[in-house]
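One letter stands for each residue in the lines below.
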Amino acid sequence: MKTILLQFDTDSRASSFDRVVAVDAGVEELFSYAGINKDNVTGLVHGAIFTRGPAKLNNTAIFVGGSNVGDGETLMKHVQNTFFGPMRVSVMMDSNGCNTTAAAAVVAAKSHLQLNGCSAVVLGGTGPVGQRVAQLLAMEGSDVLLVSRSEERAETACAAIRSKTSTGSLTPAGASTESEFMELCSGRKLVVAAGAAGVCFLTEGSLNSLPDLDVAIDLNAVPPTGLADVGAMDKGKELAGTICYGALGVGGTKMKVHKQAIAGLFESNDRVFDTEEIYALALQVAGLTDK
Amino acid sequence: MKTILLQFDTDSRASSFDRVVAVDAGVEELFSYAGINKDNVTGLVHGAIFTRGPAKLNNTAIFVGGSNVGDGETLMKHVQNTFFGPMRVSVMMDSNGCNTTAAAAVVAAKSHLQLNGCSAVVLGGTGPVGQRVAQLLAMEGSDVLLVSRSEERAETACAAIRSKTSTGSLTPAGASTESEFMELCSGRKLVVAAGAAGVCFLTEGSLNSLPDLDVAIDLNAVPPTGLADVGAMDKGKELAGTICYGALGVGGTKMKVHKQAIAGLFESNDRVFDTEEIYALALQVAGLTDK
Amino acid sequence: MKTILLQFDTDSRASSFDRVVAVDAGVEELFSYAGINKDNVTGLVHGAIFTRGPAKLNNTAIFVGGSNVGDGETLMKHVQNTFFGPMRVSVMMDSNGCNTTAAAAVVAAKSHLQLNGCSAVVLGGTGPVGQRVAQLLAMEGSDVLLVSRSEERAETACAAIRSKTSTGSLTPAGASTESEFMELCSGRKLVVAAGAAGVCFLTEGSLNSLPDLDVAIDLNAVPPTGLADVGAMDKGKELAGTICYGALGVGGTKMKVHKQAIAGLFESNDRVFDTEEIYALALQVAGLTDK
């Protein structure tokens, strides 16, 4: 029996990136659906769960993707709510690469830092990737400062994350000028920039003024990057005593994690790959699993 | 040369159910098209018949599906009218599972009853599945009472069926209350309920009042079922002297027939799998072929 | 690693013709996208070039198709402009079969004529296929008369072709009556009819009045054909001293060239199959390569 992956994409065309990765992960049949939302997905899920007997349903799985992470989260919930009893298939959510990117970033940090108790700051912390980075750092026991242009939104994001984890600590902060960003980063060991395209938090030369900073990660691949000192290709490059990672520098891990998650979907019919599970996989991929 | 199935679905998204079944039936390449109707299908059929020489066209086939059976019937005709001479491929029509469901239901009945001369009643007989059940029963020589809320529509359906078969007999009837339904079922050996979702013809305990009834088949999978005494999972279960089949109880046969029909499409380039041909296949699958 | 072809179709449904040919050319995974234009293609190209390392990008390729050649040309340019450095995949453009048809037609002529210095006339020369036929003939050194209903459009087409080749000669002409068409064909050795469906340039018996004509090719498959004396199935058939080819007569070569071009896309990650490259391939297929 062939493995089948149903790709539910919330955009008007199914991501070619996700399709290539699915094929390279070994999926034998890929059913790509575009423009999927909670109102049109139920019948498609039924077609997935009612065609092969429960004992064979590990050969069918669902991937939720698309550029809009909020839409993906809603769709992911609806897909899971459509399952009942043994009538379910494994499902992964990675809209806009949010989960695999966040996992790869935190794994990069963990390969250099003791995250438990680590003072970290997440710039652009209310965006989909930023929130996930903050969540994973808190789960690792870090003391996380979550920064947004709006302190109110930062607080909302912190509250949402606190409902998911009781470890670490989360502190919201609002900032919009470079001097504010510098002040918030000062004394921190880890900074992760996860802002929108075109937003530069720290201009060139900033790392020189952050002597306590051990690791700087910028998840923006398109110039201007969020941390001007960090290049998109940087992968553990040292600058002014800080180890730097750019978006493409964590891309290798991200891609491996994405493929292994897809492959993992077919191990049983009840796997769920969302933020936490994808991070656990990223730790394995990086050889960082606690034993 | 790989086998290619072109799935023409009249809905805005191609049925994932039909896609999974196609893959499980061994189709090597599945081209799924959604939103197909008579106005946009011609070029797609041309692409199917003009690409491989006539001698190889048995490797290409067409499946017509979607939730609307009337639209599927129109599309099926148009697809067949686009063929000419040897420029044709095999084609199957099973919108909303109408043909495979009807075939599986009648085969279930035939495994317990002598259908020739059998007094049968089809409740919800003007719907797409009901009409096909009535047609197949008439072809088997049954004396069929076709029941609808509207006697006029019942008469129209009977006339349509009579144009397709000269065996058996078809009698239209209008009914809308349970006492009317009970009266029409009284003395009959076979009742098949093929009404719309949510329509209950006979409430709980009715089978006790139908001592002549040998077989009761309810094709509605979603509660409330059409015959309250019949469970969706029933498969030959006896209750009050009546053998009962629910929608899922005939589902195994339906699925086998669907797959074998898909496989049969590639045996030559001129096969047609519509109501009669699919029933003939169902008889084979069930080991009921007259010899 | 599986070969992946991304089909970018400018029509609202991806051509089933192009899909079947892609499968028969050996493509292992076909990602078909419909309704593609310059505004929605960039992300899809990024997904193609950013998923596999540059060293493996020869396993991914792009096909641009659809019924509108102008839209395909615009899309082809945009796809190529999205590539940068080693981040590119091979790409083929054959909207409405324009390149493979033109190549097959000129190859048919070349198998009978010395094209260098040959006096040729292209009727319907401003259409997508006609322009390509004229371009290829000029590249072969022919003296080409490019005929259109509008002399102004004929001149524009000639100027466009001259910017692509310095060999041969191109002369525009306007004509709209049969006597004008006959006069322009008189004394020429090769005539290619590439007009729109339904346009008949030369009525039955015309070949008798063109004693100098050696080869007549009509690329219109649907009656009325552009040259009434030429049948769609003609393949080197002689009539009144003229060797005739119809649309289906050049179809075998066209199909072989189409498949070999698709296969050639995967030889490296920087192949471009447009008019000239597809013609070079057609010469190979026909065994006419100059050595």
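Residues numbered from 1 in each chain as written. Chains lettered and ligands numbered in written order. Predicted model: local features only at pLDDT ≥ 70, side-chain atom pairs only at ≥ 80, totals over all residues. Heavy atoms only, no water.

Draft legend 1. Looking closely at the overall build of chain A. Assigned secondary structure in chain A consists of nine helices and 12 strands. Relative to the 2.2 N^0.38 estimate, which gives 19 Å for 291 residues, the radius of gyration of chain A is 19 Å and therefore close to what a compact globule would have. If you line up chain A on its principal axes, its C-alpha atoms span 60 × 35 × 35 Å. Expressed as a percentage of its 291 residues, the buried residues of chain A come to 56%. Carbon and sulfur atoms form 48% of the exposed surface of chain A, whose accessible area is close to 11,200 Å². Charge-centre separation for chain A: the mean point of 23 positive side chains lies 8 Å from the mean point of 31 negative side chains. (Helix = DSSP H or I, 4+ residues; strand = E, 2+ residues; numbered from the N terminus. Rg over C-alpha atoms; globule rule 2.2 N^0.38 Å. Buried < 20%, exposed > 50% of the residue type's maximum accessible area, 1.4 Å probe, protein only. Areas by Shrake-Rupley, 256 points an atom, 1.4 Å probe, with all protein chains shown as cover. Lys, Arg positive; Asp, Glu negative; His and termini not counted. Charge placed at Lys NZ, Arg CZ, Asp CG, Glu CD.)

Draft legend 2. Spatial organisation of the interface of chain B and chain C. The interface is formed by 20 residues belonging to chain B together with 14 residues belonging to chain C. Taken over both partners, the interface formed by chain B and chain C buries close to 1,200 Å², and the fraction arising from carbon and sulfur atoms is 58%. The largest per-residue losses of area from chain B upon contact with chain C belong to F31(B), Y33(B) and T51(B), which jointly make up 43% of the total buried on that side. Linking chain B with chain C are one salt bridge. With a shortest N-O distance of 2.6 Å, D24(C) and R52(B) are connected by a salt bridge. Summed over the shared surface of chain B and chain C, the number is seven residue pairs in polar contact (both at pLDDT 80 or more). (Contact = heavy atoms within 4.5 Å. Buried area = accessible area lost by both parts, 1.4 Å probe. Salt bridge = Lys/Arg side-chain N within 4 Å of Asp/Glu carboxyl O. Polar contact = N/O pair within 3.5 Å; in protein donor to acceptor, adjacent residues only side chain to side chain.)

Draft legend 3. Broad picture of the relation of the copies chain C and chain A. Its rotation angle being 119°, the transformation that places chain C on chain A also includes 0.1 Å of axial translation and leaves an RMSD of 0.1 Å. What we have between these two chains is a three-fold relation. For chain C, the smallest separation between a C-alpha atom and the rotation axis is recorded for E29(C), amounting to 5.4 Å. (Least-squares fit on C-alpha atoms with pLDDT ≥ 70 in both.)

Draft legend 4. Spotlight on the packing of helix α5 (residues 128-139) of chain C against helix α9 (residues 275-285) of chain C. Residues and elements named next belong to chain C. Axis separation between α5 and α9 bottoms out at 11 Å; the angle between their running directions is 65°. One finds that α5 runs roughly perpendicular with respect to α9. Crossing geometry of α5 relative to α9 is assigned as right-handed. Between α5 and α9, the contacting residues are R132, Q135, L136 and M139 on the first element and T275, E276 and Y279 on the second. Its residues assigned to classes, the contact of α5 with α9 comprises three nonpolar, two polar and two charged. (Axes fitted to C-alpha atoms, helices over the stretch in contact; angles between N-to-C directions. Parallel < 35°, antiparallel > 145°, perpendicular 65-115°, else oblique. Left-handed = near helix turned anticlockwise from the far one by under 90°. Nonpolar A, V, L, I, M, F, W, Y, C, P; charged D, E, K, R; others polar.)

Draft legend 5. Inspection of the pairing of strand β7 (residues 169-174) of chain B at higher detail. Residues and elements named next belong to chain B. Across six bridges, the pairing between strand β6 (residues 143-148) and β7 is parallel. Bridged to L146 within β7 is P172. Traced from β6 through helix α6 (residues 151-162) to β7, the parallel crossover comes out right-handed. (Pairing = 2+ DSSP bridges. Right-handed = clockwise from strand over helix to strand, strands pointing away.)

Draft legend 6. A look at unusual backbone geometry. All names here are of chain C. The residue N96 is not glycine, and still its phi comes out positive at about 55°. Structurally, the position occupied by N96 is in the loop between β4 (90-93) and α4 (98-110). With relative accessibility at 53%, the residue N96 sits in the exposed group. Of note in this structure, A240 is not a glycine but carries a positive phi near 50°. Relative to the helices and strands, A240 resides in the loop between β10 (235-239) and β11 (242-245). Here A240 falls in the partly exposed class, since its relative accessible area comes to 42%.

Draft legend 7. Inspection of the sheet that holds strand β10 (residues 235-239) of chain B at higher detail. All names here are of chain B. Spatially, seven strands are ordered β7-β6-β5-β8-β9-β11-β10 in an open sheet, and the strand pairing comes out mixed. Lying at the two open borders of the sheet, with one neighbouring strand each, are β7 and β10. Within the sheet, the average angular offset between the axes of one strand and its neighbour, ignoring direction, is 20°. Its contacts with the sheet place helix α4 (residues 98-110) against β8 (190-193), β9 (215-218) and β11 (242-245), and it is angled at close to 165° to β9.

Draft legend 8. Expanded view of the pattern of salt bridges. One pass over the structure, following the stated rule, counts 27 salt bridges over all chains. Across the pair E73(B) and R132(B) runs a salt bridge, and its minimum N-O distance is 2.9 Å. Highlighted residues: E73(B) in helix α3 (residues 69-82) and R132(B) in helix α5 (residues 128-139), separated in sequence by 59 residues. When its relative accessible area of 34% is taken as the criterion, E73(B) is described as partly exposed. Notably, a salt bridge pairs K38(C) with D39(C), separated by 3.4 Å at the nearest N-O pair.

Draft legend 9. Layout of the environment of R153(B). All names here are of chain B. Locating R153 in the fold gives a position in helix α6. Sequence separation between R153 and G117 is 36 residues; the distance between their C-alpha atoms is 24 Å. Setting aside anything within four residues of it in sequence, one finds R153 in contact with T126 and S148.

Draft legend 10. Summary view of the relation of the copies chain B and chain C. If you rotate chain B by 120° and push it 0.0 Å along the axis, it lands on chain C with an RMSD of 0.0 Å. Interface overlap between copies: only 5% of the residues of chain B at the interface are likewise at the interface in chain C, consistent with a contact formed by different surfaces.

Draft legend 11. Fine view of helix α2 (residues 42-49) of chain B. Every buried residue belonging to α2(B) is among L44(B), V45(B), G47(B), A48(B) and I49(B), and all of these are buried. Of the surrounding elements, those touching the buried residues of α2(B) are β1 (4-9), β2 (29-33), β3 (60-65) and α3 of chain B together with α1 (16-24) of chain C.

Draft legend 12. Up close: the domain arrangement of chain A. Residue and element names in this part refer to chain A. For chain A, the assigned domains read domain 1 (4-93 + 254-286) and domain 2 (99-245). Taken together, the contacts link 15 residues of domain 1 with 15 residues of domain 2. Surface buried jointly by domain 1 and domain 2 totals about 1,300 Å² across both partners, of which 68% is contributed by carbon and sulfur atoms. Area buried by domain 1 at its contact with domain 2 is led by K254, T275 and Y279, which between them contribute 49% of it. Counting across the interface, domain 1 meets domain 2 through seven residue pairs in polar contact (both at pLDDT 80 or more). Those elements giving two or more residues to the side of domain 1 that touches domain 2 turn out to be α3 (69-82), β4 (90-93), α8 (251-264) and α9 (275-285). (Domains from an automatic or database assignment.)

Draft legend 13. Region of the structure containing the pairing of β8(B). Residue and element names in this part refer to chain B. Burial of β8 is two-sided: the residues L190 and V192 facing one way and the residues V191 and A193 facing the other way are all buried. Examined bridge by bridge, strand β5 (residues 119-123) and β8 share four bridges and lie parallel to one another. Along β8, the bridge assignment pairs V122 with V192. The pairing of β8 with β9 spans four bridges and is parallel. Residue V192 lies in a different strand from β9, and its bridge partner there is I217.

Draft legend 14. Layout of the interface of chain C and chain A. The partner chain A presents 13 residues to the 20 residues of chain C that form the contact. Where chain C abuts chain A, roughly 1,200 Å² becomes buried across the two surfaces, and 58% of that area is made up of carbon and sulfur atoms. Of all residues in chain C, F31(C), Y33(C) and T51(C) give up the largest surface area on contact with chain A, accounting jointly for 42% of the area buried on that side. For the interface between chain C and chain A, the tally reads one salt bridge. Across the chain C-chain A interface, the total number found is seven residue pairs in polar contact (both at pLDDT 80 or more). Every element with two or more residues in the side of chain C that touches chain A is listed here: β1 (4-9), β2 (29-33) and α2 (42-49) of chain C. If you tally residues by element for the side of chain C that touches chain A, the top one is β2(C), at five residues.

Draft legend 15. Representation of the confidence of the model for chain A. This prediction gives chain A a mean pLDDT of 96; 99% of its residues lie at or above 70. Across the interface, the model reports ipTM at 0.92; the global pTM reads 0.94. (pLDDT = per-residue confidence, 0-100.)

Draft legend 16. Up close: the sheet that holds β4(C). Residues and elements named next belong to chain C. The five strands lie next to each other as β2-β1-β3-β4-β12, forming an open sheet whose pairing is parallel. What marks the edges here is a single partner per strand, and that holds for β2 and β12 (272-273). Across two bridges, the pairing between β4 and β12 is parallel. Bridge pairing in β12 links M92 to F273. Contacts from helix α8 (residues 251-264) reach β1, β3 (60-65), β4 and β12 within the one sheet, and its direction differs from that of β4 by about 160°.

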